[in-house]
Every structure is written in C-alpha cells, then in structure tokens.
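Architecture and fold: a report
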Amino acid sequence: MKETLHQINIITHITFGSLAILVGFWPLVSEKGKRIHNLSGKIYLYCVAVVLLTALCGALFFEFRPFLFLLTVMVFYTSFVGYRTLKLKERRPTFTDGFVQLLGLITVLAYFFVFDIDKAAMSKPVVYFTSVILLAHVIYDFGKYFYSTEYLRKSWLNDHIIRIISSFGGLICAAAGNVLDESYQPYSQLVPSVIGYLLIAYFIFKYRHYLRPRR
C-alpha cells in the first residue's frame, strides 16, 4: 500500500512539474498584463504549489532527497513571492507572505545545520550556491517590512521579473536533476541558471522605463 501511494505521489509530482514547465513559457513570451499572461501565471503558481505539496509528502512519508527538496522549496518560494509582488506593489508584506518567508528561512537553515550535504547527490558548489541564493531571496524579502514605499514602488516590476524567471529556472534545474544522470553535473544545473540570469537581464532592460513617470 505504501509503495502504491509512493508511486501515485511521484506521478502527481512529475505530472504537475511537467505541466508547470509547459505553462511557464507563456508568461515569458506573452504580452505583459494581458489575460493569457495573467492566467498562465496563476496556473503556473498552482502547479508549483502541487509540486511542493507532493515533495513534502515524499520527504515526510517516502524518500527524502535533500537537494531536490531544496530546489522545490526555492521554486515555490520565488514563484509565490513573484506573484505576491505583482499584487502588493508598494504595499508591505502580509502575514501570509511572512509565513512563506519563514518557510524559506527554515529550509535554508535546516540545509546548513541539519542535512548532510555529502548525501545531496549533487556537487557541493551547486548545493551551496542554491542555498545562498534562496537565503538571499529570504533576507531581501524580510527587508520589505522596512524599505521605503518609494523604493517598493520603483522596484516591484524588477522584483517580479527576477522571482518568476528564477522560479522557472529552478524548475528546469529540478527536472534536469531527475532526468539526467550524475555525469551531466554540474552543467545540468549551471546551464539553466545562466540562461535564467540572461533572461532576467533582458526583461529588466526591456521594461526599464515602465515605472518611470511620464512627462
């Protein structure tokens, strides 16, 4: 019975992860602010939430894979914050935002002080880099309780771009970690990350004038 439930959990995890990858392309290529952009973004977030839920079930009841769990948390965290940034804009985070920030912080601290990184089935530089990136996201978000309203108003679009593309890149990394064997490491993680950073730079440059006041 346990093995059957494990297989159902894995199939659900893979199905929604694959769907998230397919849907995740639409927010990147569709026109910002239009219905298809907004709808595909919401569907992507829901798919990622299911991916996180199944990853939690797998970690608690079946097989725990530390690095992929860390990646899954980072994917959910960045996608959630990217969506919330779009909703909040210059407003302060709410209790729900703080709860997710706490989830991200606990995951990073557990990875540094509880999990055995030698058993992560991934090269240490990639593991440490991923952990530090998630920690940087969390620390920045805790600062949103103190940043000025003007700063939040000017930065929310860049914040949204960085989070959503980081989430999508992390999802590709997680998929590569499952599909490709260890001989492809660390490039299976580094290549999607580099492409993601290039896309972030492109979209930030493309929309650099969006929030500037019109004269």
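Details of the structure are given in the entry above.
What comes next is a walk through the structure. (Residues numbered from 1 in each chain as written. Predicted model: local features only at pLDDT ≥ 70, side-chain atom pairs only at ≥ 80, totals over all residues. Heavy atoms only, no water.)

1. Side note on the overall build of the chain
Note the threshold: The secondary structure listing takes helices from DSSP runs of H or I that are at least 4 residues long and strands from runs of E that are at least 2 residues long, numbered from the N terminus. Think of it in three bands: residues with accessible area under 20% of the maximum for their type are buried, residues over 50% are exposed, and the middle band is partly exposed, with areas taken using a 1.4 Å probe on protein chains only.
Check the secondary structure of the chain and you find 7 helices and 0 strands. Sorting the 215 residues of the chain into buried and exposed places 43% on the buried side.

2. Some thoughts on the side chain of T72
Defined as follows: Every residue pair with non-hydrogen atoms within 4.5 Å of one another is taken to be in contact.
In this structure, T72 sits in helix α3 (residues 66–88). Setting aside chain neighbours within four positions, we find T72 in contact with H13, V51, L52 and A55.

3. Brief notes about the nonpolar core
Nonpolar side chains tend toward joint burial in soluble globular proteins. The cut-off we apply is this: Remark: nonpolar core denotes a set of buried residues (Ala, Val, Leu, Ile, Met, Phe, Trp, Tyr, Cys) joined through side-chain atoms within 4.5 Å.
If you look at the biggest cluster of nonpolar residues, it comprises 39 residues, and the most contacted ones within it are Y44, F67, L71 and L134. Every element with two or more residues in this core is listed here: α1 (2–29), α2 (35–61), α3, α4 (95–113), α5 (124–142), α6 (149–179) and α7 (187–206). For this core, the leading source of residues is α3, giving 12 residues. Leaving out residues up to four positions away in the same chain, Y44 has contacts with A20, V23, G24, V75, S79, S167, F168 and L171.

4. What to know about the side chain of R84
Which entries qualify depends on this criterion: The term polar contact refers here to a pair of N or O atoms within 3.5 Å; inside protein, the definition further demands a hydrogen-donor-capable atom paired with an acceptor-capable atom, and it admits residues adjacent in sequence only when both atoms are side-chain atoms.
Relative to the helices and strands, R84 resides in helix α3. A polar side-chain atom of R84 sits 2.8 Å from a polar atom in the side chain of D97. Beyond its immediate stretch of four places on either side in the chain, R84 contacts T94 and D97.

5. Some details on the environment of A136
Inspection of the secondary structure puts A136 in helix α5. Classification of A136 by relative accessible area gives partly exposed; the value is 43%. Separated by 31 residues in the primary sequence, A136 and L105 have C-alpha atoms spaced 9.8 Å apart.

6. Describing the pattern of salt bridges
One side chain can pair with another of opposite charge once the charged atoms of both are near each other. What counts is decided by this rule: Definition used for salt bridges: Asp or Glu carboxyl oxygen within 4 Å of a side-chain nitrogen of Lys or Arg.
Applying the stated criterion across every chain yields a total of 7 salt bridges. The partner of D141 in a salt bridge is K144, with the nearest N and O atoms 3.4 Å apart. For D141, a relative accessible area of 1% corresponds to the buried category. We classify K144 as buried; its relative accessible area is 10%. Between E150 and R153 there is a salt bridge; the shortest N-O distance is 2.9 Å. Of this pair, E150 and R153 both sit in helix α6, 3 residues apart, which is roughly one turn of that helix. Accessibility expressed as a relative area gives 39% for E150, which makes it partly exposed. Counted as one network, the salt bridges with shared partners bring together D141, K144, D159 and R163.

7. What about unusual backbone geometry?
Excluding glycine, most residues fall at negative phi; most peptide bonds, likewise, are trans. Of note, the phi angle at K89 is positive, near 55°, even though the residue is not glycine. Within the secondary structure, K89 sits in the loop between α3 and α4. Residue class for K89 comes out partly exposed when judged on its relative accessible area of 34%.

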